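# An overview of the molecular structure
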Amino acid sequence: MKHSLRTRWNRIAALAAATAFGLLALQVQAQQSSAKSLKPVTIALGTQVVNVTYPWLTLPIALGYWKDEGYDVKIVTTGGSLQGIQQMVAGGVDFAQVNSTGLIQANAENNVAVRGLMGTGVIDWGVGVPQDSSIKTAADLKGKKIGIFSLGTGGMPLLKGYLRANGVDPDKDVQIIATGAGAPALEALKSDRVQALMFWGSALTGFQNTGTRMRVIFDPSWRALPDFTFATMQKTIDADPAMVEAISRGAAKATLFAQTNPECARKIHWKNFPSTKPTGADEATLAKWDLALLQTQLDTMSAAQTMNGGKLIGSMSPAAYGRMQDLMLKDGLIKRTLPPESMLYLKPGFVEAINRFDRNAVIDAARSCSVGL
């Protein structure tokens, strides 16, 4: 299982080049006459199911924010941050939602000019174990099998660094297994194929929604570090800065909408993306579960906004990304560092521009919940 970052990168690049997406595309169908005048844009998201926990990417489609800006946007799923970045490099997608670790690795280890556009979360990952498990600390994971969404996800370097910091060699003392997300991952835990699950916050909430009592262990320092980052290539910024601004502004508007009325955001998601609606319980229970998932995501988005200054949606703090990079260097996940400013799109006025919309109109629409349904 021992692979260098560059080897894993090259394997993912080969996989991306050799296979078609075969991915879920989410898109509200526009009328044929109007769609012809819209510029197509594709965003990669490193997960298998685009559920209610990505409101800054799904609500702009449902509410027509991007259509109003002149863009026909679809979301495609990938196997993780690194694959999303590879798809951008190959020109298959225009934007990608990536983990901060993927952003930093791409720049520092592979000289790939990926640029963060919006900070959308802090590290809310954790290692979930059954409540009655003997695993209570990271050191207790020695000799265990740990499930994770994919071996190319941004959670991998976090997990490996966490283990090393607690005296566990991630390449010798544990076995890390790709389980996928959702039910397959939970079944792997219940059947003891793995003894722990390393996942992001909303995924862990989802496991607990089904009645699985879990204990979650994590490095407390993670909560003050950036994670989810909306990104694109420098070449995309150079070629079409207006598009980059418009897509980011739609994401910022949707963030405010979801923060204002999470329940309305859930209803709109179910209405416009019915294939992602959960099953297995009555309507009220399913609604409760999805609202819990969304609230977990909104909490980490709020934490990111506070960490990055607390004023403008999507703002990014170079100091925060610098702390993340320093941690990765300490854990041996990268071999060199770069000025964190070089990885972020910090053009003066950009974050102000993506927040330049009628906030009161968005808030009123969210409170009345009279759109998108």
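Just above sits the structure.
These remarks concern the structure in this document. (Residues numbered from 1 in each chain as written. Predicted model: local features only at pLDDT ≥ 70, side-chain atom pairs only at ≥ 80, totals over all residues. Heavy atoms only, no water.)

### Focus on the overall build of the chain
- Secondary structure assignment for the chain yields 16 helices and 11 strands.
- Taken over the C-alpha trace, the chain has a radius of gyration of 20 Å; the compact-globule value for 373 residues is 21 Å, and the two agree within 12%.
- Taken over the C-alpha atoms alone, the chain extends approximately 60 × 50 × 40 Å along its principal axes.
- Put simply, 80% of the contacts in the chain that link residues at least 6 apart link residues at least 24 apart. (Helix = DSSP H or I, 4+ residues; strand = E, 2+ residues; numbered from the N terminus. Rg over C-alpha atoms; globule rule 2.2 N^0.38 Å. Contact = heavy atoms within 4.5 Å.)

### Describing the packing of aromatic side chains
- Applying the stated criterion across every chain, the model contains 10 aromatic pairs.
- An angle of 65 degrees between the planes, with centres 6.0 Å apart, marks the rings of Y54 and W56 as edge-to-face. Neither Y54 nor W56 differs from the other in exposure class; each is buried.
- Grouping aromatic residues by their ring pairs yields a cluster made of W125, F149, F199, W200 and F207.
- In this arrangement the basic side chain of R223 is found over the ring face of F218, its NZ or CZ atom lying 3.9 Å from the centre. (Phe/Tyr/Trp six-rings, centres within 6.5 Å; stacked < 30°, edge-to-face > 60°. Buried < 20%, exposed > 50% of the residue type's maximum accessible area, 1.4 Å probe, protein only. Lys NZ or Arg CZ within 6 Å of the ring centre and 35° of its normal.)

### Examining the state of the cysteines
- All told, the structure shown has 1 disulfide when counted by the stated rule.
- The disulfide partner of C264 is C369, and the gap between their sulfur atoms is 2.1 Å. Given an S-S torsion of about 95 degrees, the disulfide between C264 and C369 has right-handed geometry. Linking C264 in helix 12 (residues 262-272) with C369 in the segment after helix 16 (359-368), this pair joins segments that are 105 residues apart in sequence. (Disulfide = S-S within 2.5 Å.)

### Focus: the layout of surface pockets
- Looking at the largest pocket, its volume works out to about 750 Å³.
- The wall of the largest pocket is formed by 29 residues, among which N51, G182, A183, G206 and L293 lie closest to the centre.
- Put simply, the parts of the chain that give the lining of the largest pocket at least two residues each are helix 8 (183-190), helix 9 (201-209) and helix 13 (283-307).
- Tallied by class, the residues present in the lining of the largest pocket amount to 12 nonpolar, 13 polar and 4 charged. (1 Å grid on protein atoms, 1.4 Å probe; cavity = no way out; pocket = protein on both sides within 12 Å on 5 of 7 lines; lining within 4 Å. Points joined across faces, edges and corners; volume = space filled by probe spheres on them. Nonpolar A, V, L, I, M, F, W, Y, C, P; charged D, E, K, R; others polar.)

### Digging into the packing of helix 6 (residues 100-110) against helix 14 (residues 318-330)
- The interhelical angle for the contact between helix 6 and helix 14, taken along N-to-C directions, is 75 degrees, at an axis separation of 10 Å. Considering their axes alone, helix 6 and helix 14 lie roughly perpendicular with respect to each other. Together, S100, T101, L103, I104, Q105 and A108 of helix 6 and Y321, M324, Q325 and M328 of helix 14 make up the contact between the two elements.
- Across the contact of helix 6 with helix 14, the residue classes break down as 6 nonpolar, 4 polar and no charged. (Axes fitted to C-alpha atoms, helices over the stretch in contact; angles between N-to-C directions. Parallel < 35°, antiparallel > 145°, perpendicular 65-115°, else oblique.)

### Observations concerning unusual backbone geometry
- In this model, N111 sits at a positive phi of 55 degrees, which is unusual for a non-glycine residue.
- One can find N111 in the loop between helix 6 and strand 5 (114-119).
- A positive phi angle, near 50 degrees, is found at C369, a position not held by glycine.
- With a relative accessible area of 18%, C369 lands in the buried category.

### Concerning the environment of R193
- Summarising the element assignment, R193 is placed in the loop between helix 8 and strand 9 (196-199).
- Put simply, R193 and T229 are 36 residues apart on the chain and 32 Å apart in space, counted from C-alpha to C-alpha.
- Discounting residues that sit within four places of it in the chain, R193 has contacts with K145, I177, T179 and A188.

### Some points on the environment of A353
- Residue position: A353 is located in helix 15 (residues 350-354).
- For A353, a relative accessible area of 5% corresponds to the buried category.

### Quick look at the nonpolar core
- Core analysis: the biggest nonpolar cluster contains 97 residues, and F199, I247 and F257 have the highest contact counts within it.
- Of the residues forming this core, the biggest block, 10 residues, is contributed by helix 11 (residues 241-260).
- Core analysis: the second largest hydrophobic core is formed by 16 residues, I85, V112, Y321 and L344 among them. (Core = buried A, V, L, I, M, F, W, Y, C linked by side-chain atoms within 4.5 Å.)

### Some thoughts on the sheet that holds strand 10 (residues 214-217)
- Overall, mixed pairing links the 5 strands, which are arranged 8-7-9-6-10 in an open sheet. What marks the edges here is a single partner per strand, and that holds for strand 8 (175-178) and strand 10. Going across the sheet, the axis of each strand differs from the next one's by a mean of 30 degrees, ignoring polarity.
- Strand direction decides the pairing type here: strand 6 (residues 126-130) and strand 9, joined by 3 bridges, are antiparallel. Residue V127 lies in a different strand from strand 9, and its bridge partner there is M198.
- Contacts from helix 7 (residues 155-165) reach strand 6, strand 7 (145-148), strand 8, strand 9 and strand 10, with the element oriented near 155 degrees to strand 7.
- Each of strand 6, strand 9 and strand 10 is contacted by helix 8, which is oriented at about 155 degrees to strand 9, the strand it contacts most. (Pairing = 2+ DSSP bridges.)

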